[in-house]
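# Report on the structure
In case you want the letters, here they are:
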Amino acid sequence: MSSPTSTSPAFRTAIVPAAGLGTRFLPTTKAVPKELLPVVDTPGIELVAEEAAEAGAERLVVVTSPDKRSVAEYFQHQPELESTLAERGKDRLLDKVRRGPDLINAEIALQERALGLGHAVGCAEPNLAPTDDAVAVLLPDDLVLPHGVLGRMAETRRRFGGSVLCAFDVPADSVSSYGIFDVDDTDENDVKRVRGMVEKPAPDRAPSRLAAAGRYLLDRAVFDALRRIDPGAGGELQLTDAVALLISEDHPVHVVVHSGVRHDLGNPGGFLKAAVDFALKDSEIGPDLRDWLVERIGRS
């Protein structure tokens, strides 16, 4: 485990689990991986890769199933397309096409069977370099805005060591929809020491209102823990069980409480909210969309 005072980069490799079937987006996901569905004009997987790259990641390990290799292939250059766009003077489109591949070096790790998030993360272990003392894990269904929480998590790891997770403060009547952290305060308002975690507690039994979001900065010790936990229902390995094991063995685990916005791209309703949010910020389509929304809501 890295020293809390280490000056080396907190992580260079980010893992993105992307092997799911995308059942909530059927029938579209029969042919198009959910991670490639566009939020306005940019696939969700690119937005997540951008976040990882901004935080210092140099490699993106996409854990995917054999029939979803196109998710990682999205990050490969397309010479013929790029050449055609250049010849036609489509410089703006050319920049968009090149943006994903230029962000980060992407590679794949195959998950032959969907056996839980912990299993998916474990499938990426052979891709790691000996120098990867810690890895970031970003769930592509979670769009965490504004960017920056991974950097704050890296600072927290440098100070306290161990593993760091992201949390949001949710309303009391919503805690039963999330995994909720049991925490102690530290001397930093947005950083808490984790004692445990309760899955979807009743509001009167919740240890806090801090809900898990899909961002993790995990010490490499998590891979050993994944090998030692027991599978749950359906033979699945849960990442939270591995983190709980580390906590029981006095491995420091903290959460950074993020005060921004989280969009859930894993269901059509959340995906639409994200698309509208991004579209309203677009200088070309935003003003017209805003006017239409006001008019349309007025007719409801």
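As recorded in an unreviewed UniProt entry, the protein goes by the name UTP--glucose-1-phosphate uridylyltransferase, listed as coming from Saccharopolyspora montiporae. If you open the UniProt record of the protein and go to Catalytic activity (unreviewed entry), you find "alpha-D-glucose 1-phosphate + UTP + H(+) = UDP-alpha-D-glucose + diphosphate". As recorded by UniProt, the Sequence similarities (unreviewed entry) comment attached to the protein reads in full: "Belongs to the UDPGP type 2 family."

What follows concerns the overall build of the protein. Looking only at helices and strands, one finds ten helices and 13 strands in the protein. The C-alpha atoms of the protein give a radius of gyration of 20 Å, which matches the 19 Å a tight globule of 300 residues would have. The principal-axis extent of the C-alpha atoms belonging to the protein is close to 60 × 50 × 40 Å. Expressed as a percentage of its 300 residues, the buried residues of the protein come to 46%. For the protein, long-range pairs separated by at least 24 residues make up 77% of all intrachain contacts whose partners lie at least 6 apart in sequence. Total accessible area computed for the protein in this model is approximately 15,000 Å², and 51% of it derives from carbon and sulfur atoms. Across the protein, the centroid of the 34 positively charged side chains sits 2 Å from that of the 47 negatively charged ones.

A word on the UniProt feature "domain: Nucleotidyl transferase" (unreviewed entry) in the protein. According to UniProt, the positions carrying the feature "domain: Nucleotidyl transferase" (unreviewed entry) are residues 14-277. With 32% helix and 27% strand, residues 14-277 has its two end C-alpha atoms placed 26 Å apart.

Here we take up the environment of glycine 286. Its location among the elements puts glycine 286 in helix α10 (residues 286-298). Placed 246 residues apart in sequence, glycine 286 and valine 40 show a C-alpha to C-alpha distance of 11 Å. Those residues in contact with glycine 286 that lie beyond four places of it in its chain are Ala279 and Leu280.

Within the largest apolar cluster, 37 residues are counted, with the highest numbers of intra-cluster contacts made by Phe11, Ala14, Leu60, Ala136, Leu138, Met153 and Leu217. Contributing elements (two or more residues each) for this core: β1 (13-17), α1 (44-54), β4 (59-64), α2 (70-73), β6 (134-138), α6 (149-160), β8 (163-169) and β11 (210-219). When near neighbours in sequence (up to four residues on either side) are disregarded, alanine 14 contacts Ala52, Ala57, Arg59, Leu60, Val61, Ala136 and Leu138. With 35 residues, the next largest nonpolar core counts Ala124, Ala225, Ala242 and Ile247 among its residues.

Packing of helix α7 (residues 221-228) against helix α8 (residues 239-248) leaves a shortest axis separation of 9 Å and a crossing angle of 110°. Taken together, the axes of α7 and α8 lie roughly perpendicular to each other. Counted together, Ala221, Val222, Ala225, Leu226 and Arg228 of α7 and Leu239, Ala242, Leu245 and Leu246 of α8 form the full contact between these two elements. Split into classes, the residues belonging to the contact of α7 with α8 amount to eight nonpolar, no polar and one charged.

Glancing now at the packing of aromatic side chains. If you walk through the whole model with that rule in mind, you get two aromatic pairs. Taken together, a centroid distance of 5.7 Å and an interplanar angle of 70° make the contact between phenylalanine 25 and phenylalanine 271 edge-to-face. Of this pair, phenylalanine 25 sits in the loop between β1 and β2 (38-39) while phenylalanine 271 sits in helix α9 (residues 268-280), and the two are 246 residues apart along the sequence. Centroid distance tyrosine 74 to phenylalanine 75: 5.4 Å. Interplanar angle 90°. Geometry classified as edge-to-face. Among the residues examined, tyrosine 74 registers a relative accessible area of 27% and is labelled partly exposed. Given the relative accessible area of 3%, phenylalanine 75 is considered buried.

Turning next to the packing of helix α3 (residues 79-87) against helix α4 (residues 91-103). Contact geometry for α3 and α4: axes closest at 8 Å, N-to-C directions at 160°. Considering the angle they form, α3 stands roughly antiparallel to α4. For the element pair α3 and α4, the recorded crossing hand is left-handed. Across the interface between the two elements, Leu81, Glu82, Leu85 and Ala86 of α3 pack against Leu93, Leu94, Val97 and Arg98 of α4.

With that settled, consider empty space enclosed by the protein. Under the criterion given, the structure shown has one cavity of 30 Å³ or more. A volume near 70 Å³ is recorded for the largest cavity. Taken together, Lys34, Glu35, Leu37, Gly44, Ile45, Pro140, Asp141, Leu265 and Phe271 make up the full set of residues lining the largest cavity. Here the lining of the largest cavity is built from residues that sort into five nonpolar, one polar and three charged.

Both faces of strand β7 (residues 142-145) are covered, namely the face carrying Asp142 and Val144 and the face carrying Leu143 and Leu145. Bridge analysis of β7 against strand β13 (residues 261-264) gives four bridges, and the strand direction is antiparallel. Note on β13: the bridge partner recorded for aspartate 142 is aspartate 264.

Cut-off values and rules
- Position numbers for residues start from 1 in each chain and track the written sequence from start to end.
- Per-residue local features are limited, in this predicted model, to residues with pLDDT of at least 70; the limit for side-chain atom pairs, both in listing and counting, is 80 or more; totals at the level of whole chains, interfaces and linings are taken over all residues.
- To obtain the side-chain values, all non-hydrogen atoms of the structure were used and water was disregarded.
- UniProt positions are given in the numbering used here, feature names are shortened, and annotations may be inferred rather than shown by experiment.
- Secondary structure elements follow DSSP: runs of H or I of four or more residues count as helices, runs of E of two or more count as strands, with numbering from the N terminus.
- Radius of gyration means the value over C-alpha atoms here, while the globule rule gives 2.2 Å times the residue count to the 0.38 power.
- Throughout this description, buried means an accessible area under 20% of the type-specific maximum (1.4 Å probe, protein chains only), exposed means over 50%, and partly exposed covers the range between.
- Note on definitions: a residue-residue contact is assigned when non-hydrogen atoms from the two residues lie within 4.5 Å.
- Methods summary: accessible areas were calculated by the Shrake-Rupley approach with a probe of 1.4 Å, and residue burial reflects only the protein chains presented.
- Under this rule, positive means Lys or Arg and negative means Asp or Glu; His and the chain ends count for nothing.
- Throughout, a charge is located at the NZ atom of Lys, the CZ atom of Arg, the CG atom of Asp or the CD atom of Glu.
- In plain words, nonpolar cores are sets of buried Ala, Val, Leu, Ile, Met, Phe, Trp, Tyr and Cys residues tied together by side-chain atoms within 4.5 Å.
- To get an axis, fit a line to the C-alpha atoms, keeping to the stretch in contact for a helix; angles then go from 0 to 180 degrees between the N-to-C directions.
- Every angle not falling under 35 degrees, over 145, or within 65 to 115 is termed oblique; those three ranges are roughly parallel, roughly antiparallel and roughly perpendicular.
- Residue polarity is assigned by list, with Asp, Glu, Lys and Arg as charged and Ala, Val, Leu, Ile, Met, Phe, Trp, Tyr, Cys and Pro as nonpolar; anything else, Gly included, falls into the polar class.
- A pair of aromatic rings is counted whenever rings of Phe, Tyr or Trp (Trp by its six-membered ring) have centres within 6.5 Å, and the orientation is called stacked for planes under 30 degrees apart, edge-to-face for over 60 and tilted otherwise.
- Left-handed describes a crossing whose near helix is turned anticlockwise from the far helix by less than a right angle; the clockwise case is right-handed.
- With a 1 Å grid laid over protein atoms only, a set of points is called a cavity when a 1.4 Å probe fits there but cannot get out and a pocket when it is open yet has protein on both sides within 12 Å along at least five of seven lines; lining residues have an atom within 4 Å of a point.
- Grid points are joined across faces, edges and corners, and a volume is the space filled by probe spheres set on the points.
- Any two strands with at least two DSSP-identified bridges between them are counted as paired.

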